[in-house]
Amino acid sequence: MERLVERLEKAVERLETVCEGSGRCGDGSSKGVAQYVQAFDALLAGPVAEYIKISKEVGGDVQKHAEMVHAGLMSERALLVMASQHQQPAESAFSGLLKPISEQIQVVQNLREKNRGSKLFNHLSAVSESIPALGWVAMAPKPGPYVKEMTDAAMFYTNRILKEYKDVDKKHVDWVKAYLSIWTELQAYIKEYHTTGLTWSKTGPVATEGAKSPSAAPAGAAPPPPGPPPPPAPAPSSSSTDDSASRSALFAQINRGEGITSGLRHVSDDMKTHKNPALKNQGGPVRSGPKPFTAPKPACNANPSSKTSPKAPPLLELEGKKWRVENQENATNLVISDTELKQVAYVFKCTNSTLQIKGKINSITLDNCKKLGLVFDDVVGIVEIINSRDVKVQVMGKVPTISINKTDGCHVYLSKNSLDCEIVSAKSSEMNVLIPTEGGDFTEFPVPEQFKTVWNGQKLITTVTEIAG
C-alpha cells in the first residue's frame, strides 16, 4: 500500500514540475495557468491546507489519510491542467485519464477497511464515505449535486465525532469543520467553473493517455512502475462507443444555446395553416427537410433483450466484516447467528421476508426493502432504514439510534432495555413506535409527520402539529 502511494505521489510531482516549473503543459507552449486551475489552487491553499494541518496535529491514521486525500486532490489538479490545455477526448480515452484519481480513491477507502479497530475509525469513515466526490470530473450534467450527495454520506460519522469530542478536544471539532469546508468550497468552485461538467479547452490537441506522457515526465526521467489494475472509473457507463458519440453530439448541439436556431427556415404567413386554410385540404406532406429528432426508441427496439435485466440471485454471505443479505424474496427463515462486534449487516432489495440477527454487531442497514421483518438482539451503532416500504423492526436487546429515511410504513418494536433509543426520521411517513407494557403487549405511538414553524422575533420555533381525526 505504501509503495503504491509513493508511486502516485511521484507521478503527481512530475506533473507539477513540468506544468508549473517550465510553464508548459500538454502542448509544450508557454501559457499562463487557466483561471479555473488558479481557483482550484486557491482551494488547495485554503481549506485543504487547513485540513492537512489539523490532521497532522491529530496524527496517527488521520494524518496518513490526509496525505492520501491530498495526493488524490493533486491528481485531480493534474487533470484540470490537462483539460485547460486540451480538447475533450472520447470516453474510452477519458477513462484512462481518470485512472490516477480512481486509484487514489481506492487507496483512501482501503486504509479505512484495514483499520476498523482504530480509535479514530469515525474520522477514517467520514473521509472514506465522501472521497468519491473526487469523481465529479466524470459527472455530467450535474457534478455539483454529486459532490453534495457524497458530502452528505459523511455526515453520520462527522456528527459522531462532534458528539464525542465536543466537550473533550476542540481539535477534532476543528478537524470536522476543516474537512467539510473542502467539499463546500468545491461545490462553489464547480458551480462557477464547471456547472454542467468538466470544462475543456476549445483549442489545442485532443487529450489522450499518450498526450499525458510529454508533460508527465521531464527529459531523462523514467516513468513510474505500473501499479495494480485500477478499479472502474466513476464515469457513467455506456452501452457502446456509438451511443457515447451520439450522446456527445446531442449535448454539443444543445450547448450551442441561442445559436441552435440559426439553421431554422422562416415560415411566412401564407405557409401557416391557421392563416391559410386552403393548405389543410392539400394532400401529401406539407413540410420538407430532415425528420425531427426522436427519443432513442429505435435503440431500445433493436435490442429487446435489454428491456428486462436478469433478476439478481439471492445472497446471504459474510464478506470481510459485512453480512450481505440481498435479493431475498418470500424467505421467512433467514438467520444470521455467527456474529461479531465489528461486523455490520447490509440488507438490500429483500421482499416479503423475515431476517433474524443473533448476537451483538456494529450496525444494520435496510435499503430498498419491502414488507420485511427484522428481529435483532443488540446493535452498538445504528440501525438505518432507507428507501423502504412496509417494514417491521423489533429490538430484543439494546440499540442507541434508529434512523428512518425516505421510507413509507415503518413499525419499530422496542424492548424494555432500549427505551432510551433515539429515533431520527426524515422524508418518511406512516411511522409508529411500539412500547412494551407490563403485561407483555405493546402500546403504539405514531411518529409526527407534520410540523408548524413560526418566527418569534429572534429565531424559528418548530413544534409538532397534532391534527384531530
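Residues numbered from 1 in each chain as written. Predicted model: local features only at pLDDT ≥ 70, side-chain atom pairs only at ≥ 80, totals over all residues. Heavy atoms only, no water.

The name an unreviewed UniProt entry assigns to the chain is Adenylyl cyclase-associated protein, from the organism Bucorvus abyssinicus. Database annotation for the chain, UniProt heading Subunit (unreviewed entry): "Homodimer. Binds actin monomers." Heading Subcellular location (unreviewed entry) of the UniProt record for the chain holds this comment: "Cell membrane". (UniProt positions renumbered as here; feature names shortened; annotations may be inferred.)

Asker: Help me understand unusual backbone geometry, please; the structure alone is not making it clear to me.
Answerer: Negative phi values dominate among residues other than glycine, just as trans dominates among peptide bonds. For the bond running from A140 to P141, omega is 10°, close enough to zero to count as cis. Mapped onto the elements of the fold, P141 is located in the loop between α6 (121–130) and α7 (143–165). Of note, K427 is a non-glycine position whose phi angle comes to about 55°, a positive value. By the element assignment, K427 lies in the loop between β12 (422–426) and β13 (429–436). What makes K427 exposed here is its relative accessible area of 67%. Despite not being glycine, E430 has its phi angle at roughly 55°, a positive value. Among the secondary structure elements, E430 is positioned in strand β13. (Helix = DSSP H or I, 4+ residues; strand = E, 2+ residues; numbered from the N terminus. Buried < 20%, exposed > 50% of the residue type's maximum accessible area, 1.4 Å probe, protein only.)

Asker: I keep staring at the sheet that holds strand β1 (residues 315–319) and nothing clicks. Help me out?
Answerer: Within a sheet, adjacent strands bond to each other through the backbone by hydrogen bonds, running parallel or antiparallel. With respect to topology, 7 strands assemble into an open sheet ordered β1-β2-β4-β6-β8-β10-β12, the strand pairing being mixed. The sheet is open, and its two borders are formed by β1 and β12, each paired with just one other strand. Each adjacent strand pair in this sheet contributes to an overall mean axis angle of 10°, direction not counted. Of the strand pairs in this sheet, β1 and strand β2 (residues 322–326) are connected by 5 bridges, and their pairing is antiparallel. From the neighbouring strand, L318 faces β2, where its bridge partner is W323. (Pairing = 2+ DSSP bridges. Axes fitted to C-alpha atoms, helices over the stretch in contact; angles between N-to-C directions.)

Asker: In this structure, what is going on with the packing of aromatic side chains? I would like to understand it.
Answerer: Any two aromatic rings considered together are summarised by their centre-to-centre distance and by the angle between their planes. Enumeration according to the criterion identifies 11 aromatic pairs in this entry. When the centroid spacing of 5.7 Å and the interplanar angle of 80° are considered together, the rings of F94 and W200 count as edge-to-face. Placement of the pair is F94 in helix α4 (residues 91–97) and W200 in the loop between α8 (170–193) and α9 (212–216), with a sequence separation of 106 residues. On the basis of relative accessibility, which here comes to 11%, the residue F94 falls in the buried class. The exposure class assigned to W200 is buried, which follows from its relative accessible area of 9%. Each ring, one from W136 and one from Y189, has its centre 6.4 Å from the other, and the planes form 80°; the classification is edge-to-face. In this pair, W136 is assigned in the loop between α6 and α7 and Y189 in helix α8, connecting sequence segments 53 residues apart. For W136, a relative accessible area of 0% gives the class buried. (Phe/Tyr/Trp six-rings, centres within 6.5 Å; stacked < 30°, edge-to-face > 60°.)

Asker: I'm lost on the sheet that holds strand β5 (residues 351–361) in this one. Help?
Answerer: Read from one edge to the other, the open sheet built from 7 strands follows the order β3-β5-β7-β9-β11-β13-β14, with strand pairing classed as mixed. The two strands at the open ends of the sheet, each matched to only one other strand, are β3 (334–336) and β14 (442–446). Strand-to-strand twist of the sheet, defined as the mean angle between neighbouring strand axes without regard to direction, takes the value 15°. Both β3 and β5 contribute to a ladder of 3 bridges, which runs parallel. Following the sheet pairing, V335 is matched in β5 by Q356.

Asker: What exactly am I supposed to notice about the confidence of the model for the chain here?
Answerer: For any part of a model where pLDDT is low, the fine detail of the predicted coordinates should not be relied upon. Scored by pLDDT, the chain has a mean of 80; 71% of the residues are at 70 or more. Under a pLDDT of 50 for its full length, residues 18–30 has, in the predicted model, 23 contacts with residues more than four places off or in other chains. Within the model, pLDDT remains below 50 along residues 212–241, and this stretch shows 47 contacts once partners closer than five positions in the same chain are excluded. (pLDDT = per-residue confidence, 0-100. Contact = heavy atoms within 4.5 Å.)

Asker: Is there a simple way to explain the packing of helix α2 (residues 35–58) against α8 in this structure?
Answerer: A packed helix pair is summarised by two numbers, namely the angle formed by the two axes and the spacing between the axes. Close contact between α2 and α8 brings their axes to 8 Å; oriented N to C, the two are set at 170°. Between α2 and α8, the interaxial angle falls into the category roughly antiparallel. Looking at the contact of α2 with α8, its residues break down into 16 nonpolar, 4 polar and 5 charged. (Parallel < 35°, antiparallel > 145°, perpendicular 65-115°, else oblique. Nonpolar A, V, L, I, M, F, W, Y, C, P; charged D, E, K, R; others polar.)

Asker: Please explain helix α3 (residues 60–85) as it appears in this structure.
Answerer: Helical periodicity: at 3.6 residues per turn, an α-helix aligns residues three or four positions apart in one direction. Its 26 residues give α3 an end-to-end C-alpha distance of 39 Å, which sits within 8% of 38 Å, the value for a rise of 1.5 Å per residue. Counted residue by residue, α3 has 21 buried out of 26 residues, so it is predominantly covered. (Expected span 1.5 Å × (residues − 1).)

Asker: Explain the packing of α6 against α7 to me, please; I cannot follow it from the model alone.
Answerer: Where α6 meets α7, the axes come as close as 7 Å, and the angle between the chain directions of the two elements is 165°. Taken together, α6 and α7 sit at an angle that is classed as roughly antiparallel. By crossing handedness, the relation of α6 to α7 is classed as left-handed. Contacts between α6 and α7 pair N122, H123, S125, A126, E129 and S130 from the former with M150, T151, A153, A154, Y157, T158, R160, I161, E164 and Y165 from the latter. Residue composition of the contact of α6 with α7, grouped by class: 7 nonpolar, 6 polar and 3 charged. (Left-handed = near helix turned anticlockwise from the far one by under 90°.)

Asker: Would you explain the pairing of β2 in this entry?
Answerer: The two faces of the sheet receive side chains in turn, since in a regular strand these alternate between them. The buried count for β2 comes to 4 of 5 residues, which makes it a mostly enclosed element. Examined bridge by bridge, β2 and strand β4 (residues 344–348) share 5 bridges and lie parallel to one another. What sits directly across from W323, in β4, is A345.

Asker: Can you help me understand the pattern of salt bridges in this one?
Answerer: A side chain with one charge may pair with a side chain of the opposite charge, provided their charged atoms come close. Here the structure, examined in full by the defined rule, presents 11 salt bridges. For K170, the salt bridge is made with D174, and the minimal N-O distance between the two is 3.1 Å. Of this pair, K170 and D174 both sit in helix α8, separated by 4 residues, roughly a single helical turn. E319 serves as the salt-bridge partner of R324, at 2.8 Å between the closest nitrogen and oxygen. Accessibility expressed as a relative area gives 42% for E319, which makes it partly exposed. Through salt bridges with shared partners, a single network forms among R112, E113, R116 and E129. (Salt bridge = Lys/Arg side-chain N within 4 Å of Asp/Glu carboxyl O.)

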